Structures are given as C-alpha cells and as structure tokens.
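Examining the three-dimensional arrangement
Each chain, letter by letter, is given below.
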Amino acid sequence: MGFRFRKSVNFGPLRVNFSKSGVGYSVGGKGFRVTKKANGGTRMTASIPGTGISYVEDFSSSSKKKTSGSTPPPSGASQPTPPTSGGKKRRKWPYIVGAILFAGVMGSCMQNGGVDQVPGGEVTPPVASMSPAAVSETETPAITSLSLDYDQADLELDIKDTISIPVEVLEEGADTADVKFSTTDPAVLTFAPQEDSDTLVGVVTPKAEGTAEISVFTDQVQSQVITVTVIDSERIAAEEAAAQKAAEEEAARKAAEEAAAQKAAEEAAAQQAAQQQQQSQTNSRTVYITPTGKRYHYNGNCNGGTYIRSTLSEAQAMGLTPCKKCAGG
Ligand SMILES: [Zn+2]
C-alpha cells in the first residue's frame with residue numbers, strides 16, 4: 001500500500017477533497033452524499049446517522065463502458081441497445097435510499113421508547129391512540145366479589161398483636177370506597193381498613209380477650225367470615241407460672257410434711273425402743289428379797305436384813321411389792 005494523503009475542505013454542503021490522484025468534491029449532508037471523485041468516478045453514500053449502517057455504491061465511467069460492452073447486442077439488431085445494467089443501478093437507488101431512510105425513522109421511533117411521533121409534532125401514548133379500551137379505562141367497574149385473603153375460618157390473635165388481612169376485590173380496579181368492615185364484637189376487637197395502604201387491607205386490632213367474627217361487605221356482596229379469638233398469652237403464661245409455682249409449693253409442703261411425719265415416726269420408734277430397753281433393763285434389775293418377806297428391796301442392806309438376790313420381774317411374778325423405804329413402794 002502506497003503513501004496516502006487526504007485533505008478535505010468544507011464549503012457548506014459542498015466538500016472539496018484533495019488527494020494524490022487529484023481534486024474531487026462531494027455534495028450532501030448527514031445521511032446522504034454524492035461524491036465526485038478526482039479520478040472521474042462517482043460514489044453515492046446513504047447512511048443512518050449514529051448506527052454505523054451505510055450503503056455505498058461506486059460508479060465509474062470506465063466500468064460503465066465495460067458494463068455496456070459486456071452485454072452483446074442481440075443479433076440482427078441494427079441499432080445499439082442502451083446499457084441495461086447501468087440503467088438498473090440507477091433505478092435501484094431511490095429504493096435503497098428510501099429503505100435506509102425508513103429504517104432510520106423506525107430506529108429513532110424505537111429510541112423514543114415506542115412513542116409515535118405524529119407529523120404535527122404531537123406525542124401521544126401508543127395505547128391511548130390505538131386502543132378503544134383506553135376510553136373505558138375511566139369507567140369504574142362494579143364490585144362483583146369480595147374475599148379476605150386468609151385461607152382458614154379461624155384465627156387466634158394475641159391481645160398485644162394486630163394482623164393485616166388483604167381484601168381481594170373483583171373486578172380489578174373497582175372503587176373500594178363503599179367496602180365496609182364488620183366485627184361482631186367491637187369490645188373484643190376492631191376491624192378497619194389500613195390508612196396508608198394503596199390496596200385494600202383490613203387490620204384486626206384486639207381490645208379484650210374473647211371471640212368475634214369479621215368480614216367485609218358492600219350492599220351487594222359479602223366476604224367469607226373469619227372467627228377471631230383474642231387471647232392474652234401474657235396472662236395465660238402468668239397464670240400457668242403461678243399455677244406451677246403453687247404446685248411446686250404444695251409439693252414442697254407435702255414433702256416437708258412427709259419428712260416431718262417420718263421423723264416423728266422414727267423418733268417414736270426410737271423412743272419406744274428406748275422404753276422397751278428401759279423396761280427390759282428395769283425388769284432385769286437386781287432386787288433383794290427374803291424367802292418369807294412380802295417386799296423386794298433395791299438396797300441390799302435395807303433395815304440391816306439378810307437378803308438373797310433376785311430380779312425385779314421374778315420378784316413381781318412372786319407377788320412381792322416394793323419396799324416403801326428403798327424401792328418407792
Ligand atoms: Zn427396803
């Protein structure tokens with residue numbers, strides 16, 4: 001590849017090009033340009049600005065001559081036939097340029113997010129301009145069905161909590177201003193629409209322990225009924241704790257009682273054993289008797305008499321009585 005030199009000077013829509021093969025010029029602007037080249041040929045360029053898509057075709061006087069020369073005239077024709085291929089190319093140009101311009105318009109439409117640009121300059125949303133449904137959008141459909149978005153018939157709620165239940169309204173987009181919220185016992189709970197919600201949501205707020213039924217309705221339709229039971233889990237837990245404490249205290253009291261009873265029984269048994277032992281010791285204690293006397297003595301020298309040894313039980317068995325002086329008789 002040889003050394004290239006390129007220089008262009010613009011005069012408005014006219015651009016003059018200087019190159020090593022001579023001086024050429026081009027006329028046109030963004031999107032379409034016809035260039036007369038220095039070597040005598042012609043270039044047409046059509047493009048979509050900003051996309052890099054373009055169509056280029058070159059015409060040269062030499063190729064034109066070659067093209068016409070390559071098509072032999074029909075035999076027997078006396079007059080020269082005009083060049084067919086060159087003519088074809090010229091007729092193709094308006095379609096190509098038109099197609100590119102159409103593509104460009106479509107492209108700019110898509111860049112505008114699919115919004116139609118009306119020649120008058122008005123920009124209107126495509127749905128509104130095309131669909132008749134957009135007209136009926138302003139009409140509010142009637143409510144044909146109401147339901148609470150809760151799949152069970154019963155609900156248990158602690159008194160410290162609230163619960164939000166979405167309301168499913170058909171038809172979609174219906175005015176929900178007339179939907180009423182119902183509770184069978186406002187003393188137990190309230191049921192009211194949530195204030196800061198875009199959609200219809202019912203809030204159950206407990207007031208006291210008990211049971212109430214909730215639903216939503218209009219003059220025409222009514223939702224299912226949900227039975228809400230409000231419980232005070234704190235109170236229940238406290239009562240359970242108190243009951244457990246009482247049971248524990250009762251058990252402890254019983255255990256103490258049983259322990260005391262057992263101790264008393266043990267003490268009684270010990271006492272009895274001691275008494276028995278004492279009795280046994282008493283029965284076997286030594287007494288002093290005489291073969292003819294009617295008394296027994298603890299003191300072997302009582303009254304200076306002469307005694308024989310015996311035991312208390314033997315002496316009692318013999319019918320003897322205690323000496324008044326030494327045996328407490
Ligand atoms: Zn005595």
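Residues numbered from 1 in each chain as written. Predicted model: local features only at pLDDT ≥ 70, side-chain atom pairs only at ≥ 80, totals over all residues.

Along the backbone of the protein there are 6 helices and 20 strands. Across the protein, contacts joining residues at least 24 apart in sequence account for 43% of those joining residues at least 6 apart. (Helix = DSSP H or I, 4+ residues; strand = E, 2+ residues; numbered from the N terminus. Contact = placed C-beta atoms within 7 Å.)

One open sheet holds the 4 strands; their spatial order is β10-β16-β15-β12, and the pairing between them is mixed. Strands at the two margins of the open sheet, each flanked by one partner only, are β10 (154-158) and β12 (180-183). In this sheet, neighbouring strand axes are inclined to one another by 25° on average, regardless of whether the strands run parallel or antiparallel. With 5 bridges connecting them, β10 and strand β16 (residues 226-231) associate as parallel partners. The partner of E156 across the bridge, within β16, is T229. (Pairing = 2+ DSSP bridges. Axes fitted to C-alpha atoms, helices over the stretch in contact; angles between N-to-C directions.)

This paragraph deals with the sheet that holds strand β11 (residues 163-170). Spatially, 4 strands are ordered β9-β11-β14-β13 in an open sheet, and the strand pairing comes out antiparallel. Each having just a single partner strand, β9 (145-148) and β13 (189-193) make up the two edges of the open sheet. When strand polarity is set aside, the average angle formed by the axes of neighbouring strands in this sheet is 25°. Summarising the sheet, β9 and β11 pair through 4 bridges and their orientation is antiparallel. Paired with L148 across the bridge in β11 is V167.

With 4 bridges joining them, β11 and strand β14 (residues 201-206) adopt antiparallel strand pairing. Bridge pairing in β14 links I165 to G202.

With that out of the way, let us pick up the nonpolar core. Counting residues in hydrophobic clusters, the biggest one holds 9 residues: I165, V188, L189, F191, V204, A212, I214, V228 and V230. Apart from the residues lying within four places of it in its own chain, the contact partners of I214 are S182, T183, F191, V204, I226 and V228. Membership of the second largest hydrophobic core comes to 7 residues, among which are V287, A315, L320 and C323. (Core = buried A, V, L, I, M, F, W, Y, C linked by C-beta atoms within 7 Å. Buried ≥ 20, exposed ≤ 12 C-beta atoms within 10 Å, placed from the backbone.)

A few words now on helix α5 (residues 233-284). Taking 1.5 Å per residue as the helical rise, α5 with its 52 residues ought to reach 76 Å, and the 74 Å between its terminal C-alpha atoms agrees with that figure. Burial within α5 is sparse, with just 0 of its 52 residues counted as buried. (Expected span 1.5 Å × (residues − 1).)

Mapped onto the elements, R309 comes out in strand β19 (residues 308-311). Classification of R309 as exposed rests on a count of 10 C-beta atoms within 10 Å. It is 9.9 Å that separates the C-alpha atoms of R309 and Y298, two residues lying 11 residues apart in sequence.

Let's shift gears to the confidence of the model for the protein. Across the protein, the average pLDDT comes to 78, with 63% of residues at 70 or higher. Low pLDDT, under 50, characterises residues 63-89; the predicted model gives this stretch 14 contacts beyond four residues in sequence or across chains. Every residue in residues 112-118 is under pLDDT 50, and counting partners more than four places away or in other chains gives 12 contacts. (pLDDT = per-residue confidence, 0-100.)

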